[in-house]
Number of protein chains: 2
Amino acid sequence: MQAQKWDKILTSLRPMFDPSSVAIIGASSNPDKPSGQPLVALLKNGYKGQIYPVNPRYTAVQGIPCYSSITEIPGTVDLAIIAVPARQVLDQMRACAAKKVPAVIIFTSGFAETGAEGAQLQSQLTDLARQHGIRVCGPNCMGIFGARNSLMANFAIDTLPDRVIVQDFLGFISQSGGFGSAVYEIIRDRGIGFSYFISTGNEADVDFSEYVAFLVEDEHTRVIAGYLEGVKDGSKFIEAVDRANRAGKPILLIKTGRHEAAARAAASHTGSLVGSDKVYQALFRQKGILRLESIEEMKVALSVLASGKLPAGNRVCIVATSGGSGVLMADKCAEYGLELAELSEETRHRLSLILPEFASTSNPVDITGQVVANPLLLKEALEIILGDPNYDIMILCYWALHGRTELYLQQLAQMCLASNKVIMNLIWGPEQPAIEVVNSLNDMLVPAAREADFAVRALSSLAWYVKRQQELRQPSPEVPVPPGAREKVQDLLGQLEPGSTLGEYRTKQILRCYGIPCTGEILVQDEEQAVQAAEKLGYPVAVKIESPDILHKTEAGGVKLNLSSAADVRCAFREVTGSARQYRPSARLAGVLVQQMLPPGTELIAGIGQDPVFGSTVLCGLGGIFVEALRDVSIRLLPLTFNEALAMIAELKAQRVLDGIRGRGPVDRMQWAQILVRLAALASDFPSIAELDINPLIATPQGIVAADGLLVLRK
Amino acid sequence: MQAQKWDKILTSLRPMFDPSSVAIIGASSNPDKPSGQPLVALLKNGYKGQIYPVNPRYTAVQGIPCYSSITEIPGTVDLAIIAVPARQVLDQMRACAAKKVPAVIIFTSGFAETGAEGAQLQSQLTDLARQHGIRVCGPNCMGIFGARNSLMANFAIDTLPDRVIVQDFLGFISQSGGFGSAVYEIIRDRGIGFSYFISTGNEADVDFSEYVAFLVEDEHTRVIAGYLEGVKDGSKFIEAVDRANRAGKPILLIKTGRHEAAARAAASHTGSLVGSDKVYQALFRQKGILRLESIEEMKVALSVLASGKLPAGNRVCIVATSGGSGVLMADKCAEYGLELAELSEETRHRLSLILPEFASTSNPVDITGQVVANPLLLKEALEIILGDPNYDIMILCYWALHGRTELYLQQLAQMCLASNKVIMNLIWGPEQPAIEVVNSLNDMLVPAAREADFAVRALSSLAWYVKRQQELRQPSPEVPVPPGAREKVQDLLGQLEPGSTLGEYRTKQILRCYGIPCTGEILVQDEEQAVQAAEKLGYPVAVKIESPDILHKTEAGGVKLNLSSAADVRCAFREVTGSARQYRPSARLAGVLVQQMLPPGTELIAGIGQDPVFGSTVLCGLGGIFVEALRDVSIRLLPLTFNEALAMIAELKAQRVLDGIRGRGPVDRMQWAQILVRLAALASDFPSIAELDINPLIATPQGIVAADGLLVLRK
């Protein structure tokens, strides 16, 4: 999408988020009902624009004049909230159109989430919105809350937070109203300030991606978080995420549906198409989106982000007041991918001068229980360790009840704040005192937590985020595609029916156009040609049947390998054609393929796939038993850079195989990555390719070569 | 170890845990010092036995007569606490010996944890203890706390808990004093009653296993938990665990050192030998020990155990008041191995009658936000779902602030208590109200938690524990070993030097004695014999060099496969002997092995290993690229049952390969398990076997056969 189109979208969303006037259609005087809450909350919290209740049954609601229809309101209306039964919603939308209302939030349930009839109603709603250029949030949503402008256009949040430690911080978008408002309460409770809270509902018009893009533009949003079950338009979402990355605003998502049972539940919950979680995971990795596994982890990550510091790397130093807790923390760090740093000799020496003999001066540093008798020990040790340059993150574990005076904590906090490192205070202890210490520290913008798992996971995610964003900003080498590739493939594919399948010979023709090496081969029609071809290619050769109707050639007896004489080739020609006719008498035979035999190598696979939400994907993996037995493949979306292709190779589990085992040399990762980038170029030029499999792609000492191929066009 | 020996150990520990008199050597009047705290705490908390301070500097401490030496105490002393500097400890031990004190707790640091000199001192301490039959806890420990008898023989806990909801419940053993006392505080805070808390220190005499066995016998302990870095005597630990299993007392351990860096830190922390974490993990699985990953998870598991109910299976039903939280929870259940149950038609129908149209009546059940308007909805839905027999565990997620009255919670709790299912209340919400709800429920012995990860992990662990304990009680089929196996192998191994290596031929002789099928083969000395052997075995054959000095035969050019004529065999004989002489001129050649060629099959491995702590282990895995590239092996300790052997096969990642792929039939798991049990019998009969590798063990359609073997004796 062009920047211009985004500008238009963002402009169209402004009345929804910063309206000068709000009408509430179906307004009631009962503040406990969704139709009553916004009016009361707008009044109570000092919303500065005009407020217009609309309900033919009243002349006034909450002491404010009430209109029988939106069209009767004297002034302009920027935003209308619709809170009437489902069957009246379309009429009210028409009234909004007549009134030229630019934005509408629809609380009402009873649309796509209830089945076919509701989906039909929702489709009419969408049509109306598009026809009149009205931007719609919902239906079946809890609405929008804005902190700066006291926009209480929702029925989840009715009070401005009384205690905000970081202002203008978090924009939150939720595809579950109930869950989202729960997350809001939990995070607000910690003093994190929200710019906007958005419950998206069924997304009949404005969708998750547009809300993301809006928050990227919003100057009062520094971090974007959300609860996501699935997006409907993958490429739009990618564009929104790219905008966030360019603006340097992190996106933190809780995305459900990782496991199949949960994905089914999510699908029934929103009625929306839920793409493959594997592809979401690939997207998150590729684009540097922080995927968090729980609200607790999100809380910790936000407390680090709120402190304004991010880890410069993933080397961690653990400082504990008990040996056991340090060791446990070291286990957690290893588990979640943080690296235990090695402290400098000087640091260790200086520590040994102040710590008892049985302390550990190496990482994890164990201050020992001596801190009970001498609470200052922790601070003294900290002063020494903070000077060490060999780590990026410190995890400081101590007992909530040690030296617990306000002054002591304040001094500790000052030390943390003065350092340029990310310092996570991990507080042990009985619930209440531990919570008090954690909250006091967080109030001073010093990251603190009680649960090791969440803290270490969040730190590891953030370190990854920083690294990933740096990588995304680095230029990646260009991988050229041979000139005229697109045109040549256009000629080869252009005439074909949708849903056509291409066999090995024609698939390899296409691969060669994009510069992907394939085994040398010649398509022949008789024995004589076969022998000539073999002599041209050089013995030994393979002979394979070529037919669009025979996809599993080996099964059909259509493959003969390692033929080393003319006689063998003749015999093989007869055998493969005979077997093919017997296997499927109706099969169209395009001829017989005479092919070079490759030296032994490592079997790889590469290919193109299609995701219903995100479109073309590129995948790679180890071939043979690995892909069949272990499903060890990695996936990326388009566009694919060379660096990213290297990253997807590095993600495979079977790295040892790639490094060369059993006497085989290492696989040339650079060449493999080039092939993947070229496949991505092919996929991007021809979205009509539903599936392309290169299996096997063989890594020989002379290079990587496609030894077989199959291509299927979209139906 | 015989039962008798354990009886003796347990009897010897009684004075340490239930002393009629306690002497404190080095007693001081400062209650903040380790030497002062026990006396004050014993007095304050109503310890009923005699208390004798010992310190030549005082005539009285805390108003109690003080003795200059333990030998001067008029009465008998059951337990002496030693809290004097390290250099005086041995003298005090001698005084205890003179006084015939049966049990001693040594707080003092400065022993094995500080290095070689300290280790030397500790070794003298151990000798003294053994010589005089004194049982010693420590040194470098925090001591022992007993709740029933107010035994404050420690410097971590100085007050009896003021609020205990479950009496006589938990015995806790910690190899880290600081960490252990932290866990004590955290768990006590939740109202869980401790029978004993034990800080083991350096374990110069009494070790972790003996404490476990003591708590198994102790009638006031229902559950045993601990913090473990490593045990010194593996078989003793296994015996203690077996005793706990027989008594039906669960063991919950936080075991650190899962990752290498943490294991190193643990080793330096305790100065003890830390065995391979893989072997610990195997032991925990094999014996049904609950391994918990954090204090939080332990807290949740204990709250379930305290409720007196355990999950009968792993089918879970999720009931939530928001769709999003239900989906998130379904993801967690799938991740941690709980199965989403399918509710009955009747349940779903009855739910549809009371829930709104947009609710979900299938699992995860979504009551919807309707519960805000009608808090009774949750209880009504619950009544229906509780009648469904199709699940074992319910996770009930609700918002802390909904209908939060004491009465409402009490009614909900009553429903949970009345059900025979395990019902975990998962409470969402801002910190304080959520904690209040969780604590109220736990106080009523209703399991409740705030963090989904910990709750689901703990439930999954407990469901596994129940299943595992049932499996352990089931008889496992006997796998017979051929008669005379032991004697025959004794003849083969008896004459060999420690550290000897046996090649393929002799290793297979040993395997055959224990009923493990091997390729047919004949050891020959010349070409003529080779041809005769080939004809006897039937072509095709393989020819291999046999030498104790050539372990990697293929590398040495010592293997020729697929020989199908006498001429080929002669030629191969010359080639392998020639290559071997060239490869290692000094190699002793035992001859040449003429061997049957096996039909193609799936390559497996099986073997015997040694762990420094737990002794012989049996391992299995897939061969070839799988073991080299993925380290996909599973391990068990002795003794190994047939059922357990099946379980270890089922644990391998590459299950698809075992089920048969690429046209191969499935691997015969029964036969493989038999082979593993026979290997275990061999390992058990001959602990002198340091290593035995069968690689490959080939699964052919005709059965599983060892195709190569290597055996190394312990040095």
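Analysis parameters
Residues numbered from 1 in each chain as written. Chains lettered and ligands numbered in written order. Predicted model: local features only at pLDDT ≥ 70, side-chain atom pairs only at ≥ 80, totals over all residues. Heavy atoms only, no water. Helix = DSSP H or I, 4+ residues; strand = E, 2+ residues; numbered from the N terminus. Buried < 20%, exposed > 50% of the residue type's maximum accessible area, 1.4 Å probe, protein only. Contact = heavy atoms within 4.5 Å. Areas by Shrake-Rupley, 256 points an atom, 1.4 Å probe, with all protein chains shown as cover. Pairing = 2+ DSSP bridges. Axes fitted to C-alpha atoms, helices over the stretch in contact; angles between N-to-C directions. Salt bridge = Lys/Arg side-chain N within 4 Å of Asp/Glu carboxyl O. Buried area = accessible area lost by both parts, 1.4 Å probe. Polar contact = N/O pair within 3.5 Å; in protein donor to acceptor, adjacent residues only side chain to side chain. Nonpolar A, V, L, I, M, F, W, Y, C, P; charged D, E, K, R; others polar. Least-squares fit on C-alpha atoms with pLDDT ≥ 70 in both. pLDDT = per-residue confidence, 0-100. Core = buried A, V, L, I, M, F, W, Y, C linked by side-chain atoms within 4.5 Å. Right-handed = clockwise from strand over helix to strand, strands pointing away. Phe/Tyr/Trp six-rings, centres within 6.5 Å; stacked < 30°, edge-to-face > 60°. Expected span 1.5 Å × (residues − 1). Patch = residues over 30% accessible without salt bridge, like charges linked within 9 Å, V, L, I, M, F, W, Y side chains within 5 Å. Lys, Arg positive; Asp, Glu negative; His and termini not counted. Charge placed at Lys NZ, Arg CZ, Asp CG, Glu CD. Parallel < 35°, antiparallel > 145°, perpendicular 65-115°, else oblique. Left-handed = near helix turned anticlockwise from the far one by under 90°.

Let's shift gears to the overall build of chain A. From N to C terminus, chain A includes 25 helices and 31 strands. In terms of principal-axis extent, the alpha carbons of chain A reach across some 100 × 80 × 40 Å. Per-residue burial over chain A gives 61% buried out of 715 residues. In chain A, of all internal contacts separated by at least 6 residues, the share reaching a separation of at least 24 is 72%. Working note: accessible area of chain A is about 27,300 Å², and carbon and sulfur atoms make up 49% of it.

All names here are of chain A. A sheet is described by the order of its strands in space; here five strands give the open sequence E2-E1-E5-E6-E7, paired in parallel fashion. Strands with a single pairing partner mark the edges of an open sheet, and in this sheet they are strand E2 (50-54) and strand E7 (135-137). Averaged over all adjacent pairs, the angle separating strand axes in this sheet is 20 degrees, with direction ignored. Looking at chain direction, strand E1 (residues 21-25) and E2 are connected through five bridges and run parallel. In the strand pairing of E2, Ala23 is matched with Tyr52. Together, strand E5 (79-82), strand E6 (103-106) and E7 form the strand contacts of helix H1 (residues 3-17), whose direction differs from that of E7 by roughly 60 degrees. In the packing of helix H3 (residues 86-98) onto the sheet, contacts are made with E1, E5, E6 and E7, and the angle to E5 comes to roughly 170 degrees.

Next up on the list: the sheet that holds strand E22 (residues 521-524) of chain B. Residues and elements named next belong to chain B. An order of E22-E25-E23-E24 is seen for the four strands of this open sheet, with the pairing classed as antiparallel. Bordering the open sheet on either side are E22 and strand E24 (559-563), each of which pairs with just one other strand. Put simply, the sheet's adjacent strands are angled 20 degrees from each other on average, direction ignored. With six bridges connecting them, strand E23 (residues 541-546) and strand E25 (residues 591-596) associate as antiparallel partners. Paired with Ile545 across the two strands is Val592, which belongs to E25. Packing of helix H20 (residues 527-537) onto the sheet brings it into contact with E22, E23 and E25, and relative to E22 it is tilted by some 170 degrees. This element, helix H21 (residues 566-583), spans E22, E23, E24 and E25 of the sheet and lies at about 25 degrees to E23.

Residue and element names in this part refer to chain A. Within the structure shown, the criterion is met by 78 salt bridges over all chains. For Glu644, the salt bridge is made with Arg468, and the minimal N-O distance between the two is 2.3 Å. Pair noted here: Glu644 is in helix H23 (residues 642-650) and Arg468 is in helix H17 (residues 452-473), with a separation of 176 residues, a long-range link. Taken as a pair, Glu644 and Arg468 share a single burial class, namely buried. Connected through shared salt-bridge partners, Arg285, Lys467, Arg468, Glu471, Arg636, Glu644 and Glu651 make up one network.

A separate point is the interface of chain A and chain B. Interface size is commonly expressed as the accessible area that is lost once the parts come together. Every contact between the two is made by 74 residues of chain A and, on the other side, 74 residues of chain B. Taking both sides of the interface into account, the surface hidden between chain A and chain B amounts to around 5,800 Å²; carbon and sulfur atoms contribute 62%. At the junction of chain A and chain B, the tally comes to four salt bridges. The shortest N-O distance in the salt bridge between Arg190 of chain B and Glu431 of chain A comes to 4.0 Å. Applying the counting criterion to the chain A and chain B interface returns 15 residue pairs in polar contact (both at pLDDT 80 or more). Its residues placed into classes, the side of chain A that touches chain B shows 31 nonpolar, 17 polar and 26 charged.

Taken as rigid bodies, chain A and chain B are interconverted by a rotation of 180 degrees and an axial shift of 0.0 Å, the fit giving an RMSD of 0.1 Å. The operation mapping one copy onto its partner corresponds to a two-fold rotation axis. A high fraction, 100%, of the interface residues of chain A reappear at the interface in chain B, so the copies pair face to face through one surface.

Summing up the model confidence of chain A, the mean pLDDT is 92 and the portion of residues at 70 or higher is 96%. With pTM at 0.90, the complex prediction returns an ipTM value of 0.87.

For the rest of this paragraph, the subject is unusual backbone geometry. A negative phi holds for most residues other than glycine; trans holds for most peptide bonds. Residues and elements named next belong to chain B. For the bond from Asn363 to Pro364, the omega torsion is 0 degrees, close enough to zero to count as cis. The omega torsion of the bond from Asn695 to Pro696 falls at 5 degrees, within 30 degrees of zero and hence cis. Following the sequence through the fold, Pro696 ends up in strand E29 (residues 689-700). Its identity is not glycine, yet Asp168 carries a phi of approximately 50 degrees, on the positive side. A positive phi angle, close to 65 degrees, is found at Leu445, a residue other than glycine.

It is worth spelling out the nonpolar core at this point. With 233 residues, the main nonpolar core has Phe237 of chain A together with Phe237 of chain B as its most contacted residues. The residues contacting Phe237 of chain B, other than those within four sequence positions of it, are Phe208, Ser209, Leu228, Val231, Leu253, Leu283, Phe284, Ile289 and Phe614 of chain B. The next biggest cluster of nonpolar side chains, apart from the first, holds 99 residues, and it includes Cys518, Leu622, Ala680 and Ile704 of chain B.

Once that is clear, we can look at the environment of Ser199 of chain B. All names here are of chain B. Here Ser199 shows up in strand E11 (residues 192-199). Considering only alpha carbons, one finds Ser199 and Gly143, 56 residues apart in sequence, at a separation of 5.3 Å. Discounting residues that sit within four places of it in the chain, Ser199 has contacts with Cys137, Cys141, Met142, Gly143, Ser174 and Gly177.

The next subject is the pairing of E1 of chain A. All names here are of chain A. Most of E1 is tucked away, with five of its five residues classed as buried. Traced from E1 through helix H2 (residues 37-44) to E2, the parallel crossover comes out right-handed. Relative to E5, E1 runs parallel, the two being bridged by four bridges. Each bridged residue has a counterpart across the sheet, and for Ala23 the counterpart in E5 is Ala80.

Residue placement: Ser235 of chain A occurs in helix H7 (residues 234-247). Using a relative accessible area of 46% as the deciding quantity, one classes Ser235 of chain A as partly exposed.

In this fold, Ala27 of chain B is placed in the loop between strand E1 (21-25) and helix H2 (37-44). Separated by 454 residues in the primary sequence, Ala27 of chain B and Val481 of chain B have C-alpha atoms spaced 62 Å apart.

A few words on the packing of aromatic side chains. Overall, the coordinates contain 33 aromatic pairs over all chains when judged by the stated rule. Measuring from centroid to centroid gives 5.0 Å for Phe454 of chain A and Phe454 of chain B, while their planes differ by 50 degrees, and the two rings are tilted. Within this pair, whereas Phe454 of chain A is found in helix H17, its partner Phe454 of chain B is found in helix H17 (residues 452-473), the two belonging to separate chains. On the accessibility criterion, Phe454 of chain A (1% relative accessible area) is buried. Ring centres of Phe172 of chain B and Phe197 of chain B lie 6.2 Å apart, and the angle between their planes is 5 degrees; on these two criteria the pair is classed as stacked. Remark: Phe197 of chain B occurs in strand E11 and Phe172 of chain B occurs in strand E10 (residues 166-174); sequence separation between them is 25 residues. Summarising the burial analysis for this pair, Phe172 of chain B and Phe197 of chain B share the class buried. Aromatic ring contacts, followed pair by pair, group Phe145, Phe172, Tyr184, Phe194 and Phe197 of chain A into a single cluster.

Three- or four-residue spacings in an α-helix give side chains the same orientation, since the helix completes a turn every 3.6 residues. All names here are of chain A. When the terminal C-alpha atoms of helix H25 (residues 669-685) are compared, their 24 Å separation across 17 residues agrees well with the 24 Å that a helix rising 1.5 Å per residue should span. Of the residues making up H25, those classed as buried are Gln671, Trp672, Ala673, Ile675, Leu676, Val677, Arg678, Leu679, Ala680, Leu682 and Ala683. Capping of H25 at its N-terminal end is provided by Asp668; its side-chain oxygen lies 3.1 Å from the backbone amide nitrogen of Met670.

Residues Lys278, Arg631, Lys653 and Arg656 of chain A together with Lys278, Arg631, Lys653 and Arg656 of chain B make up a contiguous surface patch of positive charge. Here Arg631 of chain B is to be found in the loop between helix H22 (625-630) and strand E28 (633-637). Residue classification places Arg631 of chain B among the partly exposed positions, given a relative accessible area of 43%.

What follows covers the packing of helix H15 (residues 406-418) of chain B against helix H16 (residues 431-443) of chain B. Residues and elements named next belong to chain B. In the contact formed by H15 and H16, the axes pass within 10 Å of each other and the chain directions differ by 50 degrees. As far as their axial angle goes, H16 and H15 are oblique. Crossing hand, H15 versus H16: right-handed. Contacts between H15 and H16 pair Glu406, Leu409 and Ala413 from the former with Val437, Ser440 and Leu441 from the latter. The residue makeup of the contact of H15 with H16, split by class, is four nonpolar, one polar and one charged.

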